[in-house]
Amino acid sequence: MAAGLFRAEMSMLSSTLARTYSIPFRKTLISFDSRIAMQRNSLPRTRHSRVASLSSSSPSHSRNFPVPGIEDVFVGYLFGRKKATEVAHVVWEQVIQKGDMVIDATCGNGNDTLAMLKMVTDDSDYFGGCVYAMDVQKESIESTSSLLYQTLGSKESFSIYAEGMQKERVKLFNMCHSKMEEIVPENSSVRMVAFNLGYLPGGNKSIITVSNTTVLALRAAERILMPGGLISLVVYIGHPGGREELEVVEAFGSSLPVSDWVCCKLQMLNRPLAPILVFMFKREK
Ligand SMILES: C[S@@+](CC[C@H](N)C(=O)[O-])C[C@H]1O[C@@H](n2cnc3c(N)ncnc32)[C@H](O)[C@@H]1O
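Residues numbered from 1 in each chain as written. Predicted model: local features only at pLDDT ≥ 70, side-chain atom pairs only at ≥ 80, totals over all residues.

- Named according to an unreviewed UniProt entry, the protein chain is rRNA methylase YtqB originating from Brassica napus.

And the structure:
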């Protein structure tokens with residue numbers, strides 16, 4: 001089969017028990033974004049360009065800008081018609097290339113994992129690309145698996161992973177994101193680490209991301225991210241501890257050296273509980 005496969009791996013790092021399985025990756029649903037260049041990991045990428053590229057201090061300095069659709073989403077966000085997560089996704093598209101390895105540090109219901117998967121893979125399976133997705137809740141791992149199955153393949157196609165026979169596109173880990181370095185293969189180039197902080201929508205609201213592990217995860221992300229990579233955060237502050245977590249995120253981003261990082265925040269002024277977007281772009285050398 002020409003189509004790729006993804007492997008869902010539910011593992012407790014502290015446990016010797018790990019379930020590993022995979023399903024066919026339906027090729028027709030992965031054919032999207034023909035705008036992204038066909039050269040694996042090569043820069044600049046070919047995008048439809050309407051304005052000249054930005055200066056060399058910009059994250060987009062080696063690319064044509066903007067991506068079609070990005071203005072719509074940003075302007076939509078400014079006028080209250082687009083969600084923070086939609087803005088995050090178009091920003092990811094600026095950075096992620098086919099074949100990349102990316103990390104979803106809070107997979108929850110799997111919406112972000114699915115979006116990332118579509119950005120790193122293509123229907124020919126030529127580029128490879130994979131998403132490492134994690135969550136502390138088993139329920140989230142199951143929810144993400146379920147979304148992937150619904151979107152990419154049927155339950156019937158669920159099969160035991162046979163080493164060497166199937167390719168992995170998504171790996172799911174039931175673990176804390178502060179330990180992400182333990183699951184990323186050594187010397188990997190990680191293009192993006194994305195966080196969608198807070199609690200699982202529709203789930204247990206007492207299980208939330210917390211400042212002390214979030215900052216550990218951010219430090220880990222800083223260590224493993226490749227130049228030209230992105231740490232992306234959507235921060236929710238409507239729940240207890242949310243504001244403190246935002247302060248920790250802001251302090252972390254503010255501390256990164258300007259010579260190596262571009263860090264910014266998007267926040268609604270008159271919607272005090274609206275999610276806040278934080279982007280930390282690691283400059284290319
Ligand atoms: C806002 S939800 C994520 C939504 C998800 N990105 C989506 O697309 O549906 C936040 C998730 O973070 C998870 N979480 C909380 N603490 C965590 C930790 N230390 N490490 C990894 N995930 C964590 C929660 O269980 C929850 O599922």
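Once you've had a look at it, read on.
Some words on the overall build of the protein chain
Consideration 1: In terms of regular secondary structure, the protein chain is built from 6 helices and 10 strands.
Consideration 2: Counting across all 285 residues of the protein chain, residues that qualify as buried make up 39%. (Helix = DSSP H or I, 4+ residues; strand = E, 2+ residues; numbered from the N terminus. Buried ≥ 20, exposed ≤ 12 C-beta atoms within 10 Å, placed from the backbone.)

Side note on the packing of helix H1 (residues 70–78) against helix H2 (residues 84–95)
Consideration 1: Where H1 meets H2, the closest approach of the two axes is 9 Å, and the angle between their N-to-C directions is 155°. Between H1 and H2, the angle falls in the class roughly antiparallel. The hand of the H1/H2 crossing is left-handed. Residues Ile-70, Val-73, Phe-74 and Tyr-77 of H1 lie in contact with H2, whose contacting residues are Glu-86, Val-87 and Val-90.
Consideration 2: Of the residues in the contact of H1 with H2, the class split is 6 nonpolar, no polar and 1 charged. (Axes fitted to C-alpha atoms, helices over the stretch in contact; angles between N-to-C directions. Parallel < 35°, antiparallel > 145°, perpendicular 65-115°, else oblique. Left-handed = near helix turned anticlockwise from the far one by under 90°. Contact = placed C-beta atoms within 7 Å. Nonpolar A, V, L, I, M, F, W, Y, C, P; charged D, E, K, R; others polar.)

Observations concerning the nonpolar core
Consideration 1: Residues Val-102, Val-131, Met-192, Val-193 and Val-235 are the most contacted members of the largest nonpolar core, which totals 56 residues.
Consideration 2: When sequence neighbours within four positions are dropped, the list of residues in contact with Val-235 reads Leu-197, Glu-245, Leu-246, Val-249, Pro-275, Ile-276 and Val-278. (Core = buried A, V, L, I, M, F, W, Y, C linked by C-beta atoms within 7 Å.)

A word on the pairing of strand E7 (residues 190–196)
Consideration 1: Among the 7 residues in E7, 7 count as buried, and that is most of the element.
Consideration 2: The pairing of strand E3 (residues 101–104) with E7 spans 4 bridges and is parallel. Residue Asp-104 lies in a different strand from E7, and its bridge partner there is Ala-194.
Consideration 3: Relative to strand E8 (residues 225–235), E7 runs parallel, the two being bridged by 6 bridges. Within E8, the position partnered with Val-190 by the bridge is Leu-225.
Consideration 4: For the crossover that starts at E7, traverses helix H5 (residues 211–224) and ends in the parallel E8, the hand is right-handed. (Pairing = 2+ DSSP bridges. Right-handed = clockwise from strand over helix to strand, strands pointing away.)

A few points about the sheet that holds strand E6 (residues 170–174)
Consideration 1: Strand order across the open sheet formed by 7 strands is E6-E4-E3-E7-E8-E10-E9, with mixed pairing between neighbours. On the outer flanks of this sheet lie E6 and strand E9 (261–266), each paired with one strand and no other. Each neighbouring strand pair of the sheet contributes to a mean axis angle of 10°, computed without reference to strand direction.
Consideration 2: Along the sheet face, H5 touches E7 and E8 and points at about 155° away from the line of E8.

Side note on the packing of H5 against helix H6 (residues 242–255)
Consideration 1: Here H5 crosses H6 at 25°, and the two axes come no closer than 9 Å. Relative to H6, H5 is oriented roughly parallel. The chirality of how H5 crosses H6 is right-handed. Facing H5, whose interface residues are Ser-211, Thr-214, Val-215 and Leu-218, H6 presents Glu-244, Glu-245, Val-248, Val-249 and Phe-252.
Consideration 2: For the contact of H5 with H6, a count of residues per class yields 5 nonpolar, 2 polar and 2 charged.

Overview of helix H3 (residues 111–120)
Consideration 1: Within H3, 8 of the 10 residues are buried, which leaves it mostly tucked inside the rest of the structure.
Consideration 2: Those residues of H3 that fall on the buried side of the exposure criterion are Asp-112, Thr-113, Leu-114, Met-116, Leu-117, Lys-118, Met-119 and Val-120.

Quick notes on the site of the ligand
Consideration 1: Taken together, 22 residues lie near the ligand, and Thr-106, Gly-108, Asn-109, Asn-111 and Leu-200 sit nearest.
Consideration 2: Looking at the shell around the ligand, the elements with two or more residues in it are H3 and strand E4 (130–135).
Consideration 3: When grouped by side-chain class, the residues that make up the shell around the ligand number 8 nonpolar, 12 polar and 2 charged. (Near = placed C-beta within 6 Å.)

Topic: the environment of Asp-112
Consideration 1: When you line up the elements, Asp-112 lands in helix H3.
Consideration 2: On the basis of neighbour counts, which here come to 26 C-beta atoms within 10 Å, the residue Asp-112 falls in the buried class.
Consideration 3: As a C-alpha pair, Asp-112 and Ala-133 span 21 residues in sequence and 9.3 Å in three-dimensional space.
Consideration 4: Among residues more than four places away in sequence, those in contact with Asp-112 are Asp-104, Cys-107, Ala-194 and Asn-196.

Comments concerning the environment of Met-280
Consideration 1: Structurally, Met-280 is set in strand E10 (residues 276–282).
Consideration 2: Once residues lying within four places of it in the same chain are set aside, the contact partners of Met-280 are Leu-230, Ile-231, Gly-253, Leu-256, Trp-261 and Cys-263.

Focus on the pairing of E3
Consideration 1: The side-chain alternation of E3 yields two buried faces, one formed by Met-101 and Ile-103 and the other by Val-102 and Asp-104.
Consideration 2: Of the pairings in the sheet, the one linking E3 to E4 comprises 4 bridges and is parallel in character. Opposite Asp-104, over in E4, you have Ala-133 as the bridge partner.

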